[in-house]
Amino acid sequence: MNLVTAVLVCFLVVSVPVFLFGLLLMAGEREELKKMTDLNESGVEVQARLVSLRPINTRGTGSAVYEFSTGDGRTVQHGAGVSMGPAHVIGDLYPLVYDPHNVKRVHMGTKATVRKERKWRRGSVRGAQRTAVLSLAVGVLATVGLMVSP
């Protein structure tokens, strides 16, 4: 086995997991992009009150429970992981965007942060597509190179 064959085999072996990783990443990012698109189009921005904050471990992370009212008068609770610190005070109000069709679809932040997150997710989907296509191309070229090489 000469050096060229060894390099082509390495490219072939590496391209398969990178291609699969790109496909998995693309699926997850597309789902998040859909969520952000729905929140951007039909989301309602409300003020949520922090009702509970408890530490999870000694590394400064905690579990927070926010409570907000929907347009039809229901009170909904949303749990999220947060970093413990002076920024989170029980009883304070924090911005939250929720989908009126599915109140479990929530984003902590304003509509502007939803738009920024949507833009970032769109870029992530494009990056995952590029990764999958490029790794597929590298795998195909390595396979052709292995077949052609003596």
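Reading the values: rules and limits
- Residues numbered from 1 in each chain as written.
- Predicted model: local features only at pLDDT ≥ 70, side-chain atom pairs only at ≥ 80, totals over all residues.
- Heavy atoms only, no water.
- Core = buried A, V, L, I, M, F, W, Y, C linked by side-chain atoms within 4.5 Å.
- Buried < 20%, exposed > 50% of the residue type's maximum accessible area, 1.4 Å probe, protein only.
- Contact = heavy atoms within 4.5 Å.
- Pairing = 2+ DSSP bridges.
- Helix = DSSP H or I, 4+ residues; strand = E, 2+ residues; numbered from the N terminus.
- Axes fitted to C-alpha atoms, helices over the stretch in contact; angles between N-to-C directions.
- Phe/Tyr/Trp six-rings, centres within 6.5 Å; stacked < 30°, edge-to-face > 60°.
- Expected span 1.5 Å × (residues − 1).

Novice: Which residues make up the nonpolar core, and what are the values?
Specialist: The biggest cluster of nonpolar side chains holds 13 residues, and the ones touching the most others in it are Tyr66, Phe68, Leu96 and Tyr98. Contact partners of tyrosine 98, with chain neighbours within four places excluded, come to Leu39, Ser42, Gly43, Val44, Val46, Phe68, Ser69, Thr70, Gly71, Val103, Arg105 and Val106.

Novice: Quick one: what's the story with the sheet that holds strand β2 (residues 61-69), residue by residue and with numbers?
Specialist: Across a sheet, strands are paired by hydrogen bonds formed along the backbone, either parallel or antiparallel in direction. The strand order across the open sheet built from 5 strands is β3-β2-β1-β4-β5, with neighbouring strands paired in antiparallel fashion. For this open sheet the edge positions go to β3 (75-83) and β5 (102-108), each flanked by a neighbour on one side alone. Across the sheet, the mean angle from the axis of one strand to that of its neighbour is 40 degrees, orientation sign disregarded. Relative to β2, strand β1 (residues 44-55) runs antiparallel, the two being bridged by 6 bridges. Following the sheet pairing, proline 55 is matched in β2 by glycine 62. Where helix α2 (residues 111-148) meets the sheet, its contacts fall on β1, β4 (93-99) and β5, and the angle it forms with β5 comes to roughly 85 degrees.

Novice: Describe the packing of aromatic side chains, naming the residues involved and giving the relevant values.
Specialist: Inspection of every chain in the model, using the stated rule, returns 2 aromatic pairs. Plain terms: the ring middles of phenylalanine 68 and tyrosine 98 are 5.1 Å apart, the flat faces sit at 40 degrees to each other, and that makes the pair tilted. You can see phenylalanine 68 sitting in strand β2 and its partner tyrosine 98 sitting in strand β4, a full 30 residues away along the chain. We classify phenylalanine 68 as buried; its relative accessible area is 2%.

Novice: Give a detailed account of α2, specifying residues and quantitative values.
Specialist: Relative to the 56 Å expected for 38 residues at 1.5 Å per residue, α2 spans 55 Å between its end C-alpha atoms, a close match to the ideal helical length. Within α2, burial applies to Lys111, Val114, Arg121, Ser124, Val125, Ala128, Ala132, Ser135, Gly139 and Ala142. Elements that come into contact with the buried residues of α2 comprise α1 (3-42), β1, β4 and β5.

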